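Survey of secondary and tertiary structure
Chain residues, written in single-letter form:
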Amino acid sequence: MAYKKSRKTRVEDIAPANDELVTAQGYIASWARTTQVARQHFARDYEYTDGNGKQWLAKDRAKLEKQGRPVIEINQVLPQVLLVAGMHRDAKLGIACKPRGMEDARLSEVTSAALRATMDFARVPRVTDRVTDDSIICGLGVWEILHKIDDAEDLVFGDITAERIPPDSFIYDPWALTSAEGLQNGQFMGKWSWFSKDDFLDEFPDHAGYATTGEWMNIPNKFGQSSGDLLGTSDQLLAEMWDPINGRVRVVTLWCKKNVPITLVVDHNSGRVYNMPDKDKAQAFLAAMAEKAGRDAVAQFEPIQSDRTSAVVLKGTAITAPDMFSGLPMEFADPESANAHLNALSQRVGMGVYQQFEVMTRKTKKPYFYKMVWNEILKEGFSPFRDRMYPFAVLIGQQFSDTPESIMGIVRPLHDPQDEFNKRYSNLLANLNSSVSSGWFNRKSGGASTRLLSEVGSRPGVVVEYQSIKPERIQPMEMSQGHFMLLNLQQQNIRVSSGVNADMMGANNSTTVSGRAIRARQAGGATVLKPRLRRYEEAYLDLAKLWLSRVQQFCPPEKLKRIIGVFEQGAPLGANNMPIFTDPLTAQPMPEAMIYQTLATLTNIQFDLKLDVTPNTDSERQAQFEKGMSMTQVLTGTGRPVGPGTFAALCDMADLPTRFTEGLKRDMMLPPTMPPQGGGGAIGNVMNAMKGGAAGGGANSFGGAPSSGEGMEGTSGGQGEKKEQE
């Protein structure tokens, strides 16, 4: 429906199509009104960071240019942002799925490997760098985690994707800022995006009439403003979007949550939960399970007939089988009675399924999406993802009050110090320029030409003729040292306001300070950033939770096996090549194929695994490696050799080249061919080098191994060494 042609167009002039559209419009309008000031601050934060003449307001620049004064911009904000951004990149995080019990160890290995590989495929670290930059500059960074089939690298199963959402284009419920759940408990969440005309027609072929390039947000509406310039689009692109060939169509993707009943099948023995479409299908699922359980229970029996009686025996034998419940021999007068007893026995066993499993109905909120322009919903439906979360992970760098304006990065406190620095430097330069030619004392009669002095009096090499009295230059006042002192003080104020200090940068006038002391000072100076880094860790956990849900839904067992690789599949943790992940129901070792299937189908995986972030900085990895070596020495001190699992873990922690690490792991799986060597052998030297100590010296990193070579099957090529007692 077209907008009503009137002098003042209002949203109320557009007849909404349905209640869903009115609700969606209300969500968008609420966000736009409550975040208008915050988005203006966001825009200024990026202008101060970029510089390029954007730090000066247009009216201030025009005023100085009109007065003929220089407009100087020396960007003091960008170095502070780059320093903190570098520290964020140095504080690299990894995701680890830690087992809650030893029986979950293999499942945790498979899950961790799948998470690492799929996040590498999607280039998540690159997206994370942009998101953290947003949180540093304006205080808000957003990941969007989706899945695509079309135009994917994996055309069979599709790709899990991570995208960065510009902070100005991210729609959220301002009431959710009072919670610490990453805005997931808000009524709505969404984003503004651009579609090319071809992409728009491909996705919304039934709405070709809306494939009109331009910014419909600039039409005055209940926002009370022209909002297109506050949605993260540059002025140059705003001008280009009207182009009939390369222009873009603005589309809103809005998510909300609707109350829906869900049906669950709960296994009371193992605690597993299975989602079902409805109650009828849940009952059919239980009926099929009961029938299968009964059929499997009596599959071991078969009826036989003698001259006078019939009996139920174990298959392949003539031994009468006892009844599973009474323990009496199953003997009957005729074959019909034997078959009837087997059927009754099958039904009775199947009834146990109804005691173990229960169908439950609960109410929950499931995400629902709209893709829309302002006055038309183009597409809608429930979320295609199994989880009940919005597909966004939100990183808020700093927020102390429950208002959108409280969201800020390190740039917001630098606005005034940077303005003062620019204006003070501009005034200082203007003062210097004006003092070069301060004027002349010239006698009205007998002096030089007034016109000539005013035009060329300050030029070098000029010749001025005078009659009888020589003109005298007016000496300017000396420049006040207060200007320079204030400039230096302003630079310090910028560092104080941003939290960047000399300790953080490792600056020290002393030349005798050790590197360890410098690192300690840097760590102490970075304390001011710990609240920000803590928020980063929490947001990264939210991202990992979304990513794990996508892996479970879109990575079937056959894809997981390809992701993890042949070597990881061939390195189970249990004895005799048996994995130690056990089935909670039977307490029996679960085959490797069943582990992959469990990962894909296990809904409440948090009962078995704990998602956690692991630091990946050089110093943290070094500390973890040293702790691992210490624990290995404790292990070997008890007389137990280092096995392939521990050795592979140490290789991973040592940050060795990939090819060398894989070679060591494979060699570790071979049986020993040489007797163990004592003293500072080759492995001792390598491990000492990885620890940062001196090679050799007779100290064996593994230590405690029997000198006779017994029990050394798990060492690489028999190169186990004996730990000298210190």
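Parameters and conventions
Residues numbered from 1 in each chain as written. Predicted model: local features only at pLDDT ≥ 70, side-chain atom pairs only at ≥ 80, totals over all residues. Heavy atoms only, no water. Salt bridge = Lys/Arg side-chain N within 4 Å of Asp/Glu carboxyl O. Helix = DSSP H or I, 4+ residues; strand = E, 2+ residues; numbered from the N terminus. Buried < 20%, exposed > 50% of the residue type's maximum accessible area, 1.4 Å probe, protein only. Core = buried A, V, L, I, M, F, W, Y, C linked by side-chain atoms within 4.5 Å. Contact = heavy atoms within 4.5 Å. Phe/Tyr/Trp six-rings, centres within 6.5 Å; stacked < 30°, edge-to-face > 60°. Pairing = 2+ DSSP bridges. Axes fitted to C-alpha atoms, helices over the stretch in contact; angles between N-to-C directions. Parallel < 35°, antiparallel > 145°, perpendicular 65-115°, else oblique. Left-handed = near helix turned anticlockwise from the far one by under 90°. Nonpolar A, V, L, I, M, F, W, Y, C, P; charged D, E, K, R; others polar. Patch = residues over 30% accessible without salt bridge, like charges linked within 9 Å, V, L, I, M, F, W, Y side chains within 5 Å. Areas by Shrake-Rupley, 256 points an atom, 1.4 Å probe, with all protein chains shown as cover. Lys, Arg positive; Asp, Glu negative; His and termini not counted. Charge placed at Lys NZ, Arg CZ, Asp CG, Glu CD. Polar contact = N/O pair within 3.5 Å; in protein donor to acceptor, adjacent residues only side chain to side chain. pLDDT = per-residue confidence, 0-100.

1. Regarding the pattern of salt bridges
Close approach of charged atoms allows side chains with opposite charge to pair. Inspection of the entire model under this criterion finds 18 salt bridges. Where glutamate 20 meets lysine 258, a salt bridge forms, and the shortest distance between an N and an O atom there is 3.0 Å. Of this pair, glutamate 20 sits in helix H1 (residues 19–34) while lysine 258 sits in strand E6 (residues 248–267), and the two are 238 residues apart along the sequence. A residue is classified by how much of its surface remains accessible, and lysine 258, at 21% relative accessible area, is partly exposed.

2. A look at the nonpolar core
By size, the foremost hydrophobic cluster in this structure holds 60 residues, and its most contacted members are Leu140 and Phe170. Residues contacting leucine 140, with those up to four places away along its chain left out, are Phe42, Asp134, Ser135, Pro167, Phe170, Tyr172, Val394, Leu395, Ile396 and Ile407. Met119, Ile145, Leu395 and Tyr540 belong to the second-largest nonpolar core, a separate cluster that totals 33 residues.

3. Concerning the packing of aromatic side chains
Across all of its chains, the model carries 13 aromatic pairs by this definition. With 4.9 Å between their ring centres and 90° between their planes, tyrosine 368 and phenylalanine 382 make a pair best called edge-to-face. Separated by 14 residues along the polypeptide, tyrosine 368 in strand E11 (residues 357–373) and phenylalanine 382 in strand E12 (residues 376–382) bring together distant segments of the chain. Judged by centre distance (6.1 Å) and plane angle (25°), the ring pair of phenylalanine 421 and tyrosine 425 falls under stacked. Of the two residues, phenylalanine 421 and tyrosine 425 both sit in helix H11 (residues 415–436), four residues apart, roughly one turn of that helix.

4. What to know about the environment of glycine 141
Within the secondary structure layout, glycine 141 lies in strand E2 (residues 140–148). For the pair formed by glycine 141 and arginine 130, sequence separation is 11 residues and the distance between their alpha carbons is 8.1 Å. Once residues lying within four places of it in the same chain are set aside, the contact partners of glycine 141 are Val131, Asp134, Ser135, Ala393, Val394 and Leu395.

5. Here's the deal with unusual backbone geometry
Unusually for a residue other than glycine, asparagine 52 sits at a positive phi of about 55°. With respect to the helices and strands, asparagine 52 occurs in the loop between helix H2 (36–50) and helix H3 (58–67). Taking the relative accessible area as the measure of exposure, asparagine 52 reaches 70% and is therefore exposed. Backbone geometry places arginine 123, a non-glycine residue, at a positive phi of 55°.

6. Points about the sheet that holds strand E10 (residues 331–332)
Hydrogen bonds along the backbone pair up the strands of a sheet, which may run parallel or antiparallel. Spatial ordering of the open sheet is given by E8-E9-E10, a layout of three strands whose pairing is antiparallel. Only two strands of the sheet have a single partner each, and these edge strands are strand E8 (301–305) and E10. Both strand E9 (residues 310–314) and E10 contribute to a ladder of two bridges, which runs antiparallel. The residue of E10 that forms the bridge with alanine 311 is glutamate 331. Packing of helix H10 (residues 335–356) onto the sheet brings it into contact with E8, E9 and E10, and relative to E8 it is tilted by some 165°.

7. Quick word on the sheet that holds strand E13 (residues 392–396)
Taken in spatial order, the three strands of this open sheet run E3-E2-E13, and their pairing is antiparallel. Looking along the sheet, the strands with just one partner apiece sit at the ends: strand E3 (159–165) and E13. Pairwise comparison of adjacent strand axes, ignoring direction, gives a mean angle of 20° for this sheet. Of the pairings in the sheet, the one linking E2 to E13 comprises five bridges and is antiparallel in character. Looking at the pairing, glycine 141 lines up with leucine 395 of E13. Seen against the sheet, helix H6 (residues 124–137) touches E2, E3 and E13 and runs at an angle of roughly 150° to E2.

8. Brief notes about the packing of helix H9 (residues 279–298) against H10
At their nearest, the axes of H9 and H10 sit 7 Å apart, and the two run at 135° to each other. Relative to H10, H9 is oriented oblique. The interaxial crossing formed by H9 with H10 has right-handed handedness. Residues Gln283, Leu286, Ala287, Met289, Ala290, Ala293, Gly294, Arg295, Ala297 and Val298 of H9 form the contact with H10, whose participating residues are Leu342, Leu345, Ser346, Val349, Gly350, Val353 and Tyr354. Here the contact of H9 with H10 is built from residues that sort into 12 nonpolar, four polar and one charged.

9. With respect to a negative patch on the surface
A surface patch of negative charge is lined by Asp150, Asp151, Glu153, Asp198, Asp199 and Asp202. Mapped onto the elements of the fold, aspartate 150 is located in the loop between E2 and E3.

10. Regarding the side chain of lysine 371
Here lysine 371 lies in strand E11. The exposure class of lysine 371 is buried, given its relative accessible area of 18%. A polar contact of 2.6 Å, which involves the side chain of lysine 371, links it to the side chain of glutamate 203.

11. Considerations on the confidence of the model for the protein chain
When pLDDT is averaged along the protein chain, the result is 76; 72% of the residues meet or exceed 70. Across the protein chain, the element-wise mean pLDDT spans from 46 in helix H23 (residues 682–691) up to 96 in E13. Note that pLDDT drops below 50 for residues 1–15; the model gives that stretch 19 contacts with residues more than four away or on any other chain. Contacts for the low-pLDDT stretch residues 679–687, under 50 throughout, to residues beyond four places or in other chains number 24 contacts.

12. Description of the pairing of E3
Of all seven residues making up E3, five are buried, and the element is well covered by its neighbours. Pairing of E2 with E3, which is carried by seven bridges, proceeds in the antiparallel orientation. Along E3, the bridge assignment pairs glutamate 144 with glutamate 163.

13. Topic: the packing of H6 against helix H16 (residues 530–554)
Two elements in contact, H6 and H16, have axes separated by 12 Å at closest approach and are oriented at 140°. Here H6 is positioned oblique relative to H16, judged by the angle of their axes. Here H6 and H16 pass one another in a crossing that is right-handed. Counted together, Val124, Thr128, Thr132, Ser135 and Ile136 of H6 and Arg532, Tyr536, Tyr540, Leu543 and Trp547 of H16 form the full contact between these two elements. Taken together, the residues that form the contact of H6 with H16 break down as six nonpolar, three polar and one charged.

14. Looking at the pairing of E11
Note that E6 and E11 share 16 bridges and pair antiparallel. Note that in E11 the partner of lysine 258 across the bridge is lysine 366. Two strands pair when backbone bridges link them, and E11 and E12 are joined in this way by six bridges, in the antiparallel orientation. Bridging from a neighbouring strand, valine 373 pairs with glutamate 376 of E12. Between E11 and the antiparallel strand that follows it, E12, lie two residues.

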